[in-house]
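Each chain is listed here by its residues.
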Amino acid sequence: MATSSAAAGATPHRVARRRDPVIWIIKPLVWVLCLAPLAWLGWLVADAFFYGGRGLTANSVEFINRYLGDWALRILLVALAVTPVCVLSGWKQVVRLRRLLGLFAFFYVVLHVANYVVLDQFFNWAAIWDDIIKRWYITVGMVGLLCLIPLAITSTKGWIKKMGGCNWNRLHKAVYIAGAAGCLHFFMMRKGFQYEPLVYAGIFASLMAIRAIEPLKRKFKQR
Amino acid sequence: MLIKSRNASDVLSSEITPKSVFEKRRSFLKTAAFAGAGIAAGALPTLPAYAARTPLSGVQKSKWSAESLPENDPITDYEDVTSYNNFYEFGTGKRDPKENAQEFKVTPWEISVEGACMKPGKISFEDLIKPETLEERVYRLRCVEAWSMVVPWVGVSLASVLKKFEPTSDAKYVAFETLFDPERMPGQRQPVLKWPYKEGLRIHEAMHPLSILGVGMYGEVMPNQNGAPVRLVMPWKYGFKSIKSIVKIKFQKTIPPTSWNDAAAREYGFYSNVNPAVRHPRWSQDSERRIGEIFKRKTLMFNGYAEEVASLYEGMDMRKWF
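Residues numbered from 1 in each chain as written. Chains lettered and ligands numbered in written order. Predicted model: local features only at pLDDT ≥ 70, side-chain atom pairs only at ≥ 80, totals over all residues. Heavy atoms only, no water.

1. Quick notes on empty space enclosed by the protein
Residues and elements named next belong to chain B. Selection rule: A cavity, in this analysis, means grid points on a 1 Å lattice covering only the protein atoms where a 1.4 Å probe fits yet has no way out; a pocket is instead an open set bounded by protein on both sides within 12 Å along at least five of seven lines, and a residue lines either one if it has an atom within 4 Å of a point. Grid points are joined across faces, edges and corners, and a volume is the space filled by probe spheres set on the points. Secondary structure counts use DSSP, requiring at least four H or I residues in a row for a helix and at least two E residues in a row for a strand, with both numbered from the N terminus. Polar here means any residue other than Ala, Val, Leu, Ile, Met, Phe, Trp, Tyr, Cys and Pro, which are nonpolar, and Asp, Glu, Lys and Arg, which are charged; Gly is therefore polar.
Counted by the stated rule, this structure contains two cavities of 30 Å³ or more. In this model, the largest cavity occupies a volume close to 360 Å³. Every residue lining the largest cavity is counted, 25 residues in all, and those nearest its centre are Asn86, Phe87, Gly239, Phe240 and Lys244. If you tally residues by element for the lining of the largest cavity, the top one is strand S4 (residues 147-157), at three residues. Residue composition of the lining of the largest cavity, grouped by class: 15 nonpolar, six polar and four charged. Of the volumes computed, that of the second largest cavity is approximately 30 Å³. Around the second largest cavity, the lining residues are Leu193, Lys194, Lys198, Ser259 and Asp262. Taken together, the residues of the lining of the second largest cavity sort by class into one nonpolar, one polar and three charged.

Below is the structure:
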């Protein structure tokens, strides 16, 4: 039914789009998966608000902050894994998910910072500025945020055209700085010796290593 | 937003049977069934004298009562105080201690008293506490992580306990140690800190009337996740100074090493008095979030106990000796 009606009134290009699994299965799946943590947080907040649930712990502001930060870093690492997955598996279509994943990572970073500014500090700009300049882990986090803002702005097709592919690519290398800053921010925030931030840093380092090694391998093969 | 208004008729969350209690009832029923079976088999199981949520009897009121605190310092919700803990021996997450400490057995419990005193030796927890007066001490607790609570501790005067061992003139400091047993304290299987956890006080601080050995809270025995069976409570110092599950007390002449100071000396000093003027590399210490509230409040010098304790530090540069 769907294919016949589509075939009847649509151009061949549209038919191809509808049959493209990246568009009608994988991208919606990315949307659902990336919004699921936020939906869960929404449920925890509603549960706490209406039913006195304790899912947000005794310190809800801190819990929300950690939760959003965790997911921002996780999705950023998934976005950074797209290129290595493409290189290693040869599945080229995966690259089409990169922008969406990057924007979702940025989305969670913005929520994380918004929670900090609104609920944690309640717009106390003096205290926020104090944090940024005096507390190194917040300084590092801010560097990450500042790297991601221009990338989010220039993520549209229009901007790629305007800047030219070469310049655009060069600018978007800043995501590596953001990834490093995110991992370092997490590592510095934890007290004592803890494995969890090292796992994130290790994943980031591996993803960067694959990027560095693959072009070398190709060069070697060509000779 | 998380601001919640309550009608008088609303059921308070504190009135709802917490899941842990509910489950405990179940496990009690199970135990009872076992006991029945045991009697039938002719073997009576020995019931533990120390079980969670056991009320303590003979607790005296003290001058540090709930009424003595200002209106904006109401006692923090029991559920919050027992489910939001920094007790890395049971995991680094705030909810880990409640989850991982339930099976922790604190009987028998022995404390070793050592060093510069006339009567060193090993003493059971019961023998240590029994001769003392149990007092209710409602204190503010300020964590170095910029959150705070008001806890109705039950405890005994630390000075009174320490004097029994007759410290000598060499006893300038008192060192404390937490139990080291990775089998029972799963958090110790990770190298988060150099275990066992160590803390220390200057002898004058230890002998101060505010200093207590906490053995309970909310009129009941100390919950495992809060440092059962016996912990230090030093209300004018950051929470990490109040070492939990103590097994060793040592009088000594030299300044004792302390766990967080060993891990990051720049961040955690030996004294660690609550001081809004001395900033911390991680947290601004000039304000704090009271558990149960959203917006922060100003932190008070010595956590509001300046009148009582400031004289201990007269002439000291608090920025240097942070």
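2. What about the nonpolar core?
What counts here: Put simply, buried Ala, Val, Leu, Ile, Met, Phe, Trp, Tyr and Cys residues joined by side-chain atoms within 4.5 Å make one nonpolar core. Exposure is judged per residue with a 1.4 Å probe applied to protein chains only, and the accessible area is read against the type maximum: over 50% gives exposed, under 20% gives buried, and values in between give partly exposed. Contacts are assigned to residue pairs that have any heavy atoms within 4.5 Å of one another.
Of all hydrophobic cores here, the largest spans 81 residues; its most connected members are Trp109(B), Ile111(B), Phe176(B), Leu213(B), Leu232(B), Trp236(B) and Phe251(B). Residues contacting Leu232(B), with those up to four places away along its chain left out, are Leu158(B), Phe176(B), Leu201(B), Ile212(B), Leu213(B), Lys241(B), Ser242(B), Ile243(B) and Ile246(B). Counting 52 residues, the second largest nonpolar core, distinct from the first, contains Tyr67(A), Ala72(A), Val94(A) and Val175(A).

3. Side note on the sheet that holds strand S1 (residues 110-115) of chain B
Residue and element names in this part refer to chain B. Worth spelling out the cut-off: Here the rule is simple: two strands pair whenever DSSP picks up at least two bridges between them. To define axes, lines are fitted to C-alpha atoms, for helices over the stretch in contact only, and angles between the resulting N-to-C directions are given on a 0 to 180 degree scale.
Pairing is mixed in the open sheet, where five strands are placed in the order S2-S1-S10-S5-S6. The open sheet has two free edges, formed respectively by strand S2 (121-124) and strand S6 (198-202), since each of these has just one partner strand. The average angle at which neighbouring strand axes cross in this sheet is 20°, direction not considered.

4. Quick notes on the environment of Tyr218(B)
Residues and elements named next belong to chain B. So the rule is basically this: Under the rule applied, a polar contact is a pair of N or O atoms within 3.5 Å (in protein, one hydrogen donor and one hydrogen acceptor; residues adjacent in sequence only if both atoms are side-chain atoms).
Positionally, tyrosine 218 belongs in the loop between strand S7 (212-217) and strand S8 (220-221). A relative accessible area of 21% means that tyrosine 218 is categorised as partly exposed. Along the sequence, tyrosine 218 and leucine 56 sit 162 residues apart, while their C-alpha atoms lie 9.3 Å from each other. If we ignore the near neighbours within four places in the chain, the residues touching tyrosine 218 are Ile75, Thr76, Asp77, Tyr78, Val81, Val150 and Pro152. Within the local environment of tyrosine 218, its side chain forms a polar contact with the backbone oxygen of threonine 76, the two atoms lying 2.5 Å apart.

5. A word on the pairing of strand S11 (residues 287-290) of chain B
Within a regular beta strand, the side chains point alternately toward one face of the sheet and then the other, so they alternate between its two faces. All names here are of chain B. Neither face of S11 is open: one carries Ser287 and Arg289, the other Glu288 and Arg290, and all of them are buried. Examined bridge by bridge, S4 and S11 share two bridges and lie parallel to one another. Note that in S11 the partner of serine 148 across the bridge is arginine 290. With two bridges connecting them, S11 and strand S12 (residues 297-298) associate as antiparallel partners. For glutamate 288, the partnering residue across the bridge sits in S12 and is arginine 297. Taking the residues between adjacent antiparallel strands as the criterion, S11 and S12 are bridged by six residues, where glycine 292 takes a positive phi near 100°.

6. A few points about the packing of aromatic side chains
Selection criterion: Between the rings of Phe, Tyr and Trp (Trp by its six-membered ring), a pair exists once the centres lie within 6.5 Å; its type follows the angle of the planes, with under 30 degrees stacked, over 60 edge-to-face, and the other angles tilted. Two conditions define a charge sitting above a ring: the NZ of Lys or the CZ of Arg must be within 6 Å of the ring centre, and it must be within 35 degrees of the ring normal.
Per the stated rule, a full pass over the model turns up 25 aromatic pairs over all chains. For the pair Trp31(A) and Phe104(A), a centre-to-centre distance of 5.1 Å together with 80° between the ring planes defines the contact as edge-to-face. With Trp31(A) in helix H3 (residues 21-51) and Phe104(A) in helix H5 (residues 98-120), the pair connects residues that are 73 residues apart, well separated along the chain. Residue classification places Trp31(A) among the partly exposed positions, given a relative accessible area of 45%. The rings of Tyr173(B), Phe270(B), Tyr271(B), Phe302(B), Tyr313(B) and Trp321(B) are connected pair by pair, giving a single aromatic cluster. Above the face of the Tyr78(B) ring, Arg53(B) is positioned so that its terminal group lies 4.0 Å from the ring centre. Between the NZ or CZ atom of Lys241(B) and the centre of the ring of Phe270(B), over which it lies, the distance is 4.4 Å.

All quantities given are derived from atomic positions and should not be read as evidence of function.
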